[in-house]
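# Topology and contacts: notes
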Amino acid sequence: FGNPTRHTGFFAQIHNDSVLDFYLGVDAGVNTSITRGDNNNSAALLAGFGLNNLLDGKLTLLALTHIGAENPNVQSQPRLDKFLRYINDVFLTYKVSNKLSTVVEAQYIHDEYGVAGINERRIPADAFGVAGYLSYQLNERVTFNTRTEFFRDKQGFYVGAFPGNLDVANTLKGDKNTSYGSPGNYFEQTIGITFKPWFEKQVSYSGVTFRTELRYDLDTNSHRQFSLGNKSVVGTGKNHQLTAAIDLMMPF
């Protein structure tokens, strides 16, 4: 729930030795791009480190932080883009066997600007979450995957509903929109199958992969942000949602 969908910028990975890696990058911010695609013309820092080949090569750790101004430039609030947002992630990957591997991710986010409180006094927005991933290779072509996630949005700042078709883009730009959020807990469970087709050996192009997923989301909010009914009335949706998806991945 808390991870950005994309970054635009430069990123470097420095291999210090077989155990220690360093990560350093500069980008345009969360879910933005360069020039007109940046909502505040402010750069952000992405940095971290990784520990590899722990426990006889079975365990790795990756810790990353992203720091930058993410709120849009708005004429009525000229200092809005000066407040920083901190996104911190830690990943632990453990290879149980040749077929079974697990990942645990923990996340904490803090935005200095946050939400409006009493008398328009700003309240910084905090959120945290944890996710567990499990992958089991049934055979050389089929892998079973599952993900379980919990996310706590304390001020209702990071997770929201976007009834209008352009609400996501307008929210990022700071333009008028009908999106809304509410404090609460979010749960998510995903199961899926990754399949490598048999025909890749018969063609010169290899690496084609199909991925199917079934995802169930649940929130504890009274605003009922899933499957909105009347888009103009908050609370007319549902507190749960079921999503099915299939991906075709072709490396190049």
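The following paragraphs examine the structure supplied in this document. (Residues numbered from 1 in each chain as written. Predicted model: local features only at pLDDT ≥ 70, side-chain atom pairs only at ≥ 80, totals over all residues. Heavy atoms only, no water.)

### Focus on the pairing of strand E4 (residues 59-69)
Note: strand E3 (residues 44-54) against E4, nine bridges, orientation antiparallel. Across the sheet, residue Leu-45 finds its bridge partner in E4, namely Ile-67. Relative to strand E5 (residues 84-95), E4 runs antiparallel, the two sharing eleven bridges. Bridged to Gly-68 within E5 is Arg-85. (Pairing = 2+ DSSP bridges. Helix = DSSP H or I, 4+ residues; strand = E, 2+ residues; numbered from the N terminus.)

### Some thoughts on the packing of aromatic side chains
Tallied over the full model, the rule gives five aromatic pairs. Ring geometry for Phe-150 against Phe-187: centres 5.2 Å apart, planes inclined by 50 degrees, an arrangement best described as tilted. Here Phe-187 lies in strand E9 (residues 184-195) and Phe-150 lies in strand E8 (residues 142-153), a separation of 37 residues in the sequence. We classify Phe-187 as partly exposed; its relative accessible area is 35%. With 4.9 Å between their ring centres and 80 degrees between their planes, Phe-157 and Tyr-158 make a pair best called edge-to-face. Since its relative accessible area comes to 25%, Phe-157 is described here as partly exposed. (Phe/Tyr/Trp six-rings, centres within 6.5 Å; stacked < 30°, edge-to-face > 60°. Buried < 20%, exposed > 50% of the residue type's maximum accessible area, 1.4 Å probe, protein only.)

### Things to note about the pattern of salt bridges
Per the counting criterion, the structure on display carries four salt bridges. The residue Arg-147 makes a salt bridge to Glu-188 at a minimum N-O spacing of 3.2 Å. Of the two residues, Arg-147 is situated in strand E8 and Glu-188 in strand E9; the sequence distance between them amounts to 41 residues. Each of the two residues, Arg-147 as well as Glu-188, counts as buried. Arg-215 serves as the salt-bridge partner of Asp-217, at 2.9 Å between the closest nitrogen and oxygen. A relative accessible area of 23% places Arg-215 in the partly exposed class. (Salt bridge = Lys/Arg side-chain N within 4 Å of Asp/Glu carboxyl O.)

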